[in-house]
Amino acid sequence: MPVNEQISAKERMAIARVKMPEQDPQVRNRTFTEVNLGLPEQLALLEAKRCLQCKVAKCIAGCPVLVDIPRFLGFIVDGDLEAAARSLLGDNALPAVTGRVCPQETQCEEVCIRGLKGAPVAIGYLERFVADWARDHLTGAFMTPAPASGKKVAVVGSGPAGLTAAGELIKLGHAVTIYEAFHTPGGVLVYGIPEFRLPKEIVRAEVARLEAQGVKIECNTVVGKTYTLAELRAEHDAVFVAVGAGLPVFMNVAGENLKGVYSANEYLTRVNLMAAYDFPNNATPVLKGKRVAVVGGGNVAMDAVRTAKRLGADEAMIVYRRGKTELPARAEEVHHAEEEGIRFDFQVAPLEVLGNDQGWVTGLRCIRMELGEPDDSGRRRPVPVPGSEFIFPCDIVIVAIGTRANPLLTSTSPDLRLNRWGNIEAGEDGATSLPGVFAGGDIVRGAATVILAMGDGKRAAKAIDAYLQNL
Amino acid sequence: MHTILSNTQLAPNVTRLTVTAPRIAQIRQAGQFVIVRSGPGAERIPLTIADADAAAGTITLVIQAVGQSTKELVALQPGEELRDIVGPLGRATELPEHGHAVCVGGGVGTAVVHPIAQGLARAGVQVTSIIGGRSREWVIFEEELRALGTTIVCTDDGSYGRHGFVTDALRDVLAAGGVDAVYAVGPVPMMRAVAEVTRPLGVHTIVSLNPIMIDGTGMCGGCRVSIGGETKFACVDGPEFDGHQVDFDELRDRLGTYRQYEQAAQDHACKMGQG
């Protein structure tokens, strides 16, 4: 273990939590360059010193991929960034991603002892710091791979679950091929999460690192269409299915097929994957509204509304049927959105999308809600306030109320057991009803987070390894 | 990567590309499509697989060059590479095993109706094709369709075949009786007109829709169409639907979503010296 004895406990406790340097909100809400600028080395070293190196470190258990946080923070304090990077990368295949998009405040940082009195250690910022250092300084296959096992594993989907599983399996010496439906790997990391929160260059570098370690990626391959799951299974010793929850849910209200209504999936895919923000240098267009209403309160809704602002909207607004404290989005995203001038209208439900005779959106007819009795989720159920209808004039409506399981793969695999929502039934270790077929991420959980998907990928890789050993 | 093997101009702005795609050639079924992307920064474009040769490992794509992205595609010459092709996507045509079907193709839609006619003929269905174009030079796939059954060619200006619209010829064929189903692919007004001709007669009518699409896997919902008042995704629920249930007004309207951007794309290409 690294020693961390250079400063006294009192000095350690006196260090205030670091602030992430950010672009000015009024500048950044016009560009797609990253909001958070990253910690300079000096601030990172100081922040790492705030860690108490707890003997029973709750932060590790708070992390879905069980990163040994005190260990890599200790290496930062020692000034040994290479050791910190190796330690972190050994636990987490995509630290430059999770350091940017994890909801740390409900995971590692929530349970940090420093948070009991004052602020928790900025674990997410430090993870990002080390991961970015690694990207610049650790090149190529920096890990010695295990001897080849002679076993072949297919991973379906190159999102966070698939990439993590691939990274773990390749370290164990298995031959791994990822099959990706889009023309570029990364899944939700490239089509969903915007450039200003997760630069695509970061994802490309993480993918390139996996490829350097021997992971093969076949893009333009839709499992369920180009190959069936059974065909992949026959060609490989095991398959990990991590295709995400890629079917957009619409509101089911009148006017939803008017021009100017997007699913968040479509809007973000156009802007992120197809780079429509840089039209016509990139050929895919996206409608640029003056007044944009985004329906929903999760991270995807925040990404969409902040994107709309950056595309030049005079007013970009969140319409959410519950209150601010119920917003499922990460605290940092809500905070950033507010700083950037995003308007929030809480306890409002859309009733109808209004349009003109040319078929273009002109507004959103809404009704105010109040909170009634708690529902199944324990949250108070919003109920309409009679007579409170109003019209929000707008030219773009983006529906960000969730996604469901895409049946494209599962409908062609009749023996694969699903739950009643169409998600794949899988155990803790990802095992499905089909021998040798494992699953994880949103296709199992329903729409969740990047890090939970990565946790699934890591656990499934372990289970797949055990399965392969017993073949 | 996929290699272009041939590039043939079929009509004034309609081009046939034959391109290597062995897996797709092997498994594609009538009615299915691919999405192609010509290179970095290019759009993803859905194209019905007009024909395939499983032994040669090639597929045939027929492209009407209307916008900047399709112009870039048809500029690809033999030996050049097409970067991305994904598929086969969409549901296959539901093929009956007997009876008499009429396949109606308008303009570039004739290339889309061709694999349907091919599938029907192979399944044992008697196929009559009715194809049309503005004038002689716009008539495509005539020879291929003649090989599958009786084929009636119509031109709007009478420069070739029968003078008039495909719907006129369709009325006559239907009047003769014995038609079990009609398959129609072409511009939205043509498909709508065909559906209106067959509706009073109660003849089962299938149309293949071509809404704006990105992923082709049900992920974006951009291709939603109203079928019998219900929203469907053309990419995974279609592209073929009951022509009597389609909201053609909405389809036509949604197809115009990005019209204002097309000029900007073309101007940009001119500036970049590609136009």
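For the structure, see preceding data.
Just so you know, these numbers come straight off a predicted model, no measurement behind them.

Asker: What is the right way to read the pairing of strand β14 (residues 224–227) of chain B from this model?
Answerer: Both faces of the sheet carry side chains from a regular strand, because those side chains alternate between them. All names here are of chain B. Covered by surrounding structure in β14 are Arg-224 and Ser-226 together with Val-225 and Ile-227, the residues of both alternating faces. Direction of pairing for β14 relative to strand β15 (residues 230–233): antiparallel, over a ladder of 4 bridges. Within β15, the position partnered with Ser-226 by the bridge is Thr-231. Counting the residues between successive antiparallel strands, the hairpin from β14 to β15 contains 2 residues, one of them, Gly-228, with a positive phi of roughly 60 degrees.

Asker: Please explain the sheet that holds strand β14 (residues 396–399) of chain A as it appears in this structure.
Answerer: Sheet strands associate in pairs through backbone hydrogen bonding, adopting either a parallel or an antiparallel arrangement. Residue and element names in this part refer to chain A. Spatially, β6-β14-β7-β8-β9 is the arrangement adopted by the 5 strands of the open sheet, whose pairing is parallel. Each edge of the open sheet carries a strand with a single partner, namely β6 (261–263) and β9 (343–346). Averaged over neighbouring strand pairs, the angle between their axes works out to 20 degrees when direction is ignored. The pairing of strand β7 (residues 291–295) with β14 spans 4 bridges and is classified as parallel. What sits directly across from Val-294, in β14, is Ile-398.

Asker: Explain the packing of helix α9 (residues 160–171) of chain A against helix α18 (residues 450–469) of chain A to me, please; I cannot follow it from the model alone.
Answerer: Helix-helix packing: each pair is described by the crossing angle between the helix axes and the interaxial distance. All names here are of chain A. Contact pair α9 / α18: the axes reach a minimum separation of 7 Å and the direction vectors enclose 35 degrees. Seen from above, α9 lies across α18 with right-handed handedness. Residue-level inspection shows Pro-160, Ala-161, Thr-164, Ala-165, Glu-168 and Leu-169 of α9 in contact with α18, the latter providing Val-450, Ala-453, Met-454, Gly-457, Lys-458, Ala-461 and Ile-464. When the residues that make up the contact of α9 with α18 are grouped by side-chain class, the tally is 9 nonpolar, 2 polar and 2 charged.

Asker: What should I look at first to understand the side chain of Arg128(A) in this one?
Answerer: All names here are of chain A. Following the sequence through the fold, Arg-128 ends up in helix α8 (residues 123–137). Arg-128 gets classed as buried once you look at its relative accessible area, which sits at 5%. At 2.9 Å, the side chain of Arg-128 forms a polar contact with the side chain of Glu-34. Look past the residues within four positions of Arg-128 in its chain and what remains in contact with it is Met-20, Glu-34, Asn-36, Leu-37, Gly-38, Gly-99 and Arg-100.

Asker: Where do I start with the nonpolar core in this structure?
Answerer: For soluble globular proteins, the rule of thumb is that nonpolar side chains tend to be buried together. Counting 82 residues, the largest nonpolar core has Phe72(A), Ile76(A), Leu126(A), Leu189(A) and Phe240(A) as its most contacted members. Among the domains, domain 1 (9–137) and domain 2 (152–246 + 405–469) of chain A are the pair contributing at least three residues each to this core. Counting 58 residues, the second largest nonpolar core, distinct from the first, contains Val261(A), Val348(A), Ile130(B) and Val173(B).

Asker: For this particular structure, what's the right way to read the side chain of Glu34(A)?
Answerer: Mapped onto the elements of the fold, Glu34(A) is located in the loop between α2 (25–28) and α3 (41–48). In this structure Glu34(A) touches Gln23(A), Arg100(A), Arg128(A), Glu195(A), Phe196(A), Arg197(A) and Pro199(A), once residues within four positions along its chain are discounted.

Asker: Looking at this model, I keep getting lost on a nonpolar patch on the surface. Mind explaining?
Answerer: Judged by side-chain polarity, Met13(A), Leu52(A), Ile113(A) and Leu116(A) come together as a nonpolar surface patch covering roughly 380 Å² of accessible area. Position of Ile113(A) relative to the elements: it lies in the loop between α7 (95–101) and α8.

Asker: Is there a simple way to explain the pattern of salt bridges in this structure?
Answerer: All names here are of chain A. Applying the stated criterion to the full structure yields 45 salt bridges over all chains. The salt bridge involving Arg-50 is made with Glu-47; its shortest N-O contact spans 2.8 Å. Both residues of the pair, Arg-50 and Glu-47, belong to the buried class. The structure contains a network of salt bridges with shared partners spanning Glu-22, Arg-28, Arg-197, Asp-303, Arg-306, Arg-310, Arg-330, Glu-332, Glu-333, Glu-339 and Glu-340.

Asker: Before we go on, may I ask you to explain the state of the cysteines in this structure?
Answerer: Disulfides are covalent bonds that link the sulfur atoms of two cysteine residues. Residue and element names in this part refer to chain A. Considering all chains together, one arrives at 0 disulfides over all chains under this definition. Cys-63 provides the cysteine sulfur closest to Cys-102, a residue in no disulfide bond, and the two sulfurs are 6.7 Å apart. The cysteine Cys-112 is free of any disulfide, with Cys-59 supplying the nearest cysteine sulfur at 6.7 Å. The class for Cys-112 is buried, based on a relative accessible area of 12%.

The rules behind these values
Residues numbered from 1 in each chain as written. Chains lettered and ligands numbered in written order. Predicted model: local features only at pLDDT ≥ 70, side-chain atom pairs only at ≥ 80, totals over all residues. Heavy atoms only, no water. Buried < 20%, exposed > 50% of the residue type's maximum accessible area, 1.4 Å probe, protein only. Helix = DSSP H or I, 4+ residues; strand = E, 2+ residues; numbered from the N terminus. Pairing = 2+ DSSP bridges. Axes fitted to C-alpha atoms, helices over the stretch in contact; angles between N-to-C directions. Left-handed = near helix turned anticlockwise from the far one by under 90°. Contact = heavy atoms within 4.5 Å. Nonpolar A, V, L, I, M, F, W, Y, C, P; charged D, E, K, R; others polar. Polar contact = N/O pair within 3.5 Å; in protein donor to acceptor, adjacent residues only side chain to side chain. Core = buried A, V, L, I, M, F, W, Y, C linked by side-chain atoms within 4.5 Å. Domains from an automatic or database assignment. Patch = residues over 30% accessible without salt bridge, like charges linked within 9 Å, V, L, I, M, F, W, Y side chains within 5 Å. Areas by Shrake-Rupley, 256 points an atom, 1.4 Å probe, with all protein chains shown as cover. Salt bridge = Lys/Arg side-chain N within 4 Å of Asp/Glu carboxyl O. Disulfide = S-S within 2.5 Å.

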